[in-house]
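Topology and contacts: notes
These are the residues of each chain, in order.
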Amino acid sequence: MATQSSSASIDQLIICSPYETPGEHWKYNRETRRFSREPGRRSAGYIRASDASKSFDDPGEFVELPLVTRFVRAWRSGGARTIPERAGLPSGCCNTGAIPEQRESKRFFFCQLEAIETLMWLAEAPESERVGIKVPGDGGEFTRLCSKMATGSGKTILMAMLIAWQVLNKVTYPQDKRFSKNILLMRPD
């Protein structure tokens, strides 16, 4: 789809299937305060408040995160083990490929699969593939990783997949320090 003309409002909020790689996205131009429908998926990144972001409708400066997205895509397309294989589950139970009948109505969203694959890549990818990628810490003894997802996108399911992957891998490879059999969950009151 070619870039459409911009508008001050979005006429159709959902423009992609939640089960497939996004084929287009809405882009906000903070100078013109207008939206345009752009081809391809949105760049991975986060928004950081800046001196210029003083008004309510100015979110700040977008900081792109190209490295992990690029490497995770290459890892996935290069024959990396599937999510079920990593978690010790039957092939086809999680991914969007050959889904057994009992899973047909319970497919995972693309954003859930991409989030878990990114977290898995950070733990499982060879050091040679992670050259130049440093996840900054907070000075504590534990490494903390985040996966930002929208409201209603299935963060609880992602957490369950992450726990299953960690524990089942620790049981399978008890000496591997990348995996943990003990899980601590915390939530705000």
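Treat the numbers as computed from the prediction; the structure is a model and nothing was measured.

1. With respect to the side chain of Gln166
- You can see Gln166 is positioned in helix α4 (residues 155-172).
- Not counting chain neighbours up to four residues away, the residues in contact with Gln166 comprise Arg178, Phe179, Ser180 and Ile183.

2. Some words on the confidence of the model for the chain
- Taken as a whole, the chain shows an average pLDDT of 76; of its residues, 76% reach a score of 70 or greater.
- When mean pLDDT is taken per element in the chain, strand β2 (residues 34-39) scores highest with 90 and helix α2 (residues 83-87) scores lowest with 54.
- Within the model, pLDDT remains below 50 along residues 89-99, and this stretch shows 22 contacts once partners closer than five positions in the same chain are excluded.

3. Focus: helix α3 (residues 110-124)
- Here α3 is 15 residues long and its end C-alpha atoms lie 20 Å apart, about the 21 Å a rise of 1.5 Å per residue gives.
- In terms of burial, α3 is a largely internal element, 13 of the 15 residues being buried.

4. Some thoughts on the nonpolar core
- In terms of nonpolar packing, the biggest core is built from 17 residues, with Ile116, Met120, Trp121, Leu158, Met161 and Trp165 touching the most fellow members.
- Of all elements in the fold, only α1 (66-77), α3 and α4 reach the threshold of two or more residues within this core.
- If we ignore the near neighbours within four places in the chain, the residues touching Met161 are Phe108, Gln112 and Ile116.

5. Considering the environment of Thr21
- Mapped onto the fold, Thr21 is located in the segment before β1 (24-29).
- Residue Thr21 is classed as partly exposed on the basis of its relative accessible area, which comes to 48%.

6. Looking at the packing of aromatic side chains
- In the structure shown here, the tally under the stated rule is 3 aromatic pairs.
- With 5.5 Å between their ring centres and 50° between their planes, Tyr19 and Phe109 make a pair best called tilted. Placement of the pair is Tyr19 in the segment before β1 and Phe109 in the loop between α2 and α3, with a sequence separation of 90 residues.
- Among the residues examined, Tyr19 registers a relative accessible area of 29% and is labelled partly exposed.

7. With respect to α4
- Helix length check: α4, at 18 residues, gives a terminal C-alpha distance of 26 Å against a target of 26 Å (1.5 Å per residue), a fit within 8%.
- Turning to α4, its buried residues number three or more, namely Leu158, Met161, Trp165, Gln166, Asn169 and Lys170. Looking straight down α4, one finds its buried side chains confined to an arc of 155°; they lie on one side. Of the exposed residues in α4, those oriented more than 90 degrees away from the buried face are Thr156 and Val171.

8. Digging into the environment of Phe109
- Note on Phe109: relative accessible area 23%, which makes it partly exposed.
- Each C-alpha atom of the pair Phe109 and Tyr19 lies 4.7 Å from the other, and the pair is 90 residues apart in sequence.
- Residues contacting Phe109, with those up to four places away along its chain left out, are Pro18, Tyr19, Gly152 and Ser153.

9. Quick notes on a nonpolar patch on the surface
- A cluster of nonpolar side chains, contributed by Ile10, Leu13 and Ile14, occupies part of the molecular surface with about 330 Å² of accessible area.
- Within the secondary structure, Ile10 is located in the segment before β1.

Rules used in this analysis
- Residues numbered from 1 in each chain as written.
- Predicted model: local features only at pLDDT ≥ 70, side-chain atom pairs only at ≥ 80, totals over all residues.
- Heavy atoms only, no water.
- Helix = DSSP H or I, 4+ residues; strand = E, 2+ residues; numbered from the N terminus.
- Contact = heavy atoms within 4.5 Å.
- pLDDT = per-residue confidence, 0-100.
- Expected span 1.5 Å × (residues − 1).
- Buried < 20%, exposed > 50% of the residue type's maximum accessible area, 1.4 Å probe, protein only.
- Core = buried A, V, L, I, M, F, W, Y, C linked by side-chain atoms within 4.5 Å.
- Phe/Tyr/Trp six-rings, centres within 6.5 Å; stacked < 30°, edge-to-face > 60°.
- Arc of directions from axis to C-beta.
- Patch = residues over 30% accessible without salt bridge, like charges linked within 9 Å, V, L, I, M, F, W, Y side chains within 5 Å.
- Areas by Shrake-Rupley, 256 points an atom, 1.4 Å probe, with all protein chains shown as cover.
- Salt bridge = Lys/Arg side-chain N within 4 Å of Asp/Glu carboxyl O.

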